[in-house]
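Take a look at the letters that make up each chain.
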There are 2 protein chains.
Amino acid sequence: MAKDMFLLWASGSPPCWRIMIALEEKNLQGYQHKLLSFDKGEHKSKEVLDINPRGQLPAFRHGTNVINESGAACMYLENQFKSHGNQLIPSDQAEQALVYQRTFEAFNAHQKMVDVVMYAFRVPAEEKHEATEKRNKEAATTEFQLWEGYLQKTGPYIAGKNFSMADVVFFPTLALAFRLGMRQTKYPKLGAYHGFLKDRPSIKATWPTHWLQEPPLKDPLKDV
Amino acid sequence: MAKDMFLLWASGSPPCWRIMIALEEKNLQGYQHKLLSFDKGEHKSKEVLDINPRGQLPAFRHGTNVINESGAACMYLENQFKSHGNQLIPSDQAEQALVYQRTFEAFNAHQKMVDVVMYAFRVPAEEKHEATEKRNKEAATTEFQLWEGYLQKTGPYIAGKNFSMADVVFFPTLALAFRLGMRQTKYPKLGAYHGFLKDRPSIKATWPTHWLQEPPLKDPLKDV
């Protein structure tokens, strides 16, 4: 069934990783895939642009259906394969409300992290200001403190007592944040959650290949 | 049924407007609500913070379930009230794939618009650079050109032949973009789509109250 699925991905990209975790959770192993490199500019190749006109990874196809946005692909997989593997959106009304809320909130966390990282690596030096950098870091800190608080109230998973879509979407962002210098000692609950989830089969099976071999080159999130 | 729903909202805020359109589409009229003012800082009031710890609008509650993220609330309403009003996520596999894709892509469009608007209104003058402003505007232009292309291929609605969740999420962003100076002559398909949808009952009933009375004060998107 997964043989008519095709994923173009990059190692360590949270949006790509989300889809890979969702595929594992839904027992949709055996999909076709190809690892590409941002460093080599392969996300702007014709192969990607034919599926994703944004020239971004992931590029994902199920048969002739193209669903490139990671949140969209995860929702689609859950909806189309309801009885497969693990249920990622619970049926219980209160649990469902919390899972939807945390799932969409996770995109805020991702954006706040990206704002800091992009400012460090992409904004030309002559356009940089300490005040902007400080504001971005404060916003990311406030954001991750919110999540630290969520785990205090409703762990062990990020939306309560079961693994859910919210973990699929949030975990890759958190893992990247820790890799890029955010300190587990500053966010003990998030650190414990990260340690607890990294051995989950769906996450272990999809752990970014190059993270296993190479240490991070920089730590733009060390003050967050 | 909608009596146990409560919405705190601000006029002209696309995230608030999305929930209001979804409520209309699902025939969930009669919900409790209260209009608040960003200008008066009411989004940081205790009333909001008690529901939404981010101090943002919308703040939305269904019974004891809190779902503040607009995308989350819209998905929740669709899922909890499947047989009510209009179906916003189609059952057909190919249509569903496209609706999920466009729904999540719409958050990109919103972010690109917000980047331009925030740079104009929120970044202190001493931190501004023409190059950054230009880059933000180019990114927003590229984004809205993508959507212009989508309508050329798969109109009349934003994800094909039927009104869907993608319209609920995208339309308020587009309407605000036009109000803030983006020109319909530059995006004729988006302009026609805007003209076609603004008379839809769910949208007409929820049109930002102050837009009817006041002209826009500024046009930060005039070059987009």
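Residues numbered from 1 in each chain as written. Chains lettered and ligands numbered in written order. Predicted model: local features only at pLDDT ≥ 70, side-chain atom pairs only at ≥ 80, totals over all residues. Heavy atoms only, no water.

Q: Just give me the short version of the interface of chain A and chain B, but keep the residues and values in it.
A: Taken together, the contact pairs 39 residues of chain A with 40 residues of chain B. Summed over both partners, the interface of chain A with chain B buries about 3,200 Å², with 48% contributed by carbon and sulfur atoms. Its largest share of buried area at the contact with chain B, chain A owes to A:R54, A:F104 and A:E127, together 21% of the area lost on that side. At the boundary of chain A with chain B, the tally comes to six salt bridges. The salt bridge involving B:R54 is made with A:E143; its shortest N-O contact spans 2.8 Å. Applying the counting rule to chain A against chain B returns 23 residue pairs in polar contact (both at pLDDT 80 or more). At the level of elements, strand 4 (65-66), helix 3 (70-80), helix 4 (93-121) and helix 5 (130-154) of chain A are the ones that each hand at least two residues to the side of chain A that touches chain B. Ranked by residues supplied to the side of chain A that touches chain B, first place goes to helix 4 of chain A with twelve residues. Tallied by class, residues from the side of chain A that touches chain B come to 17 nonpolar, 14 polar and eight charged. (Contact = heavy atoms within 4.5 Å. Buried area = accessible area lost by both parts, 1.4 Å probe. Salt bridge = Lys/Arg side-chain N within 4 Å of Asp/Glu carboxyl O. Polar contact = N/O pair within 3.5 Å; in protein donor to acceptor, adjacent residues only side chain to side chain. Helix = DSSP H or I, 4+ residues; strand = E, 2+ residues; numbered from the N terminus. Nonpolar A, V, L, I, M, F, W, Y, C, P; charged D, E, K, R; others polar.)

Q: For the environment of A:L36, give the residues involved together with the corresponding values.
A: Residues and elements named next belong to chain A. Along the chain, L36 falls in strand 2 (residues 32-36). Of the residues examined, L36 reaches a relative accessible area of 7% and is grouped as buried. A sequence separation of 81 residues divides L36 from V117, and the C-alpha atoms of the two residues are 21 Å apart. With sequence-adjacent residues up to four places away left out, L36 is seen in contact with L8, W9, A10, E42, E47, V48 and L57. (Buried < 20%, exposed > 50% of the residue type's maximum accessible area, 1.4 Å probe, protein only.)

Q: Tell me about the UniProt feature "domain: GST N-terminal" (unreviewed entry) in chain A, and please be specific about residues and values.
A: The residues that UniProt annotates with the feature "domain: GST N-terminal" (unreviewed entry) are residues 3-85 of chain A. The span residues 3-85 of chain A carries 33% helix and 20% strand; its end-to-end C-alpha distance comes to 17 Å. (UniProt positions renumbered as here; feature names shortened; annotations may be inferred.)

Q: Account for the sheet that holds strand 4 of chain A, naming residues and giving values.
A: Residue and element names in this part refer to chain A. The four strands lie next to each other as 2-1-3-4, forming an open sheet whose pairing is mixed. Only two strands of the sheet have a single neighbouring strand rather than two, namely strand 2 and strand 4. Sheet topology places strand 1 (residues 5-10) next to strand 2; five bridges connect them, and they run parallel. In the strand pairing of strand 2, A10 is matched with L36. Contacts from helix 1 (residues 14-25) reach strand 1 and strand 3 (59-62) within the one sheet, and its direction differs from that of strand 1 by about 140 degrees. (Pairing = 2+ DSSP bridges. Axes fitted to C-alpha atoms, helices over the stretch in contact; angles between N-to-C directions.)

Q: How would you explain the domain arrangement of chain A if you had to name every residue and give the values?
A: How big an interface is tends to be stated in terms of the accessible area lost upon association of its parts. All names here are of chain A. On domain assignment, one finds that chain A holds domain 1 (2-80) and domain 2 (93-213). Here the C-alpha centroids of domain 1 and domain 2 sit 21 Å apart. Each partner contributes to the interface: domain 1 provides 18 residues, whereas domain 2 provides 24 residues. Counting across the domain 1 and domain 2 interface gives one salt bridge. Note that R200 is salt-bridged to E25, the shortest N-O span being 2.7 Å. In this structure, the connection of domain 1 to domain 2 is made through seven residue pairs in polar contact (both at pLDDT 80 or more). Listed by contribution, the elements that provide at least two residues to the side of domain 1 that touches domain 2 are helix 1 and helix 3. For the side of domain 1 that touches domain 2, the element with the highest residue contribution is helix 1, accounting for nine residues. Residues of the side of domain 1 that touches domain 2, tallied by class, amount to ten nonpolar, four polar and four charged. (Domains from an automatic or database assignment.)

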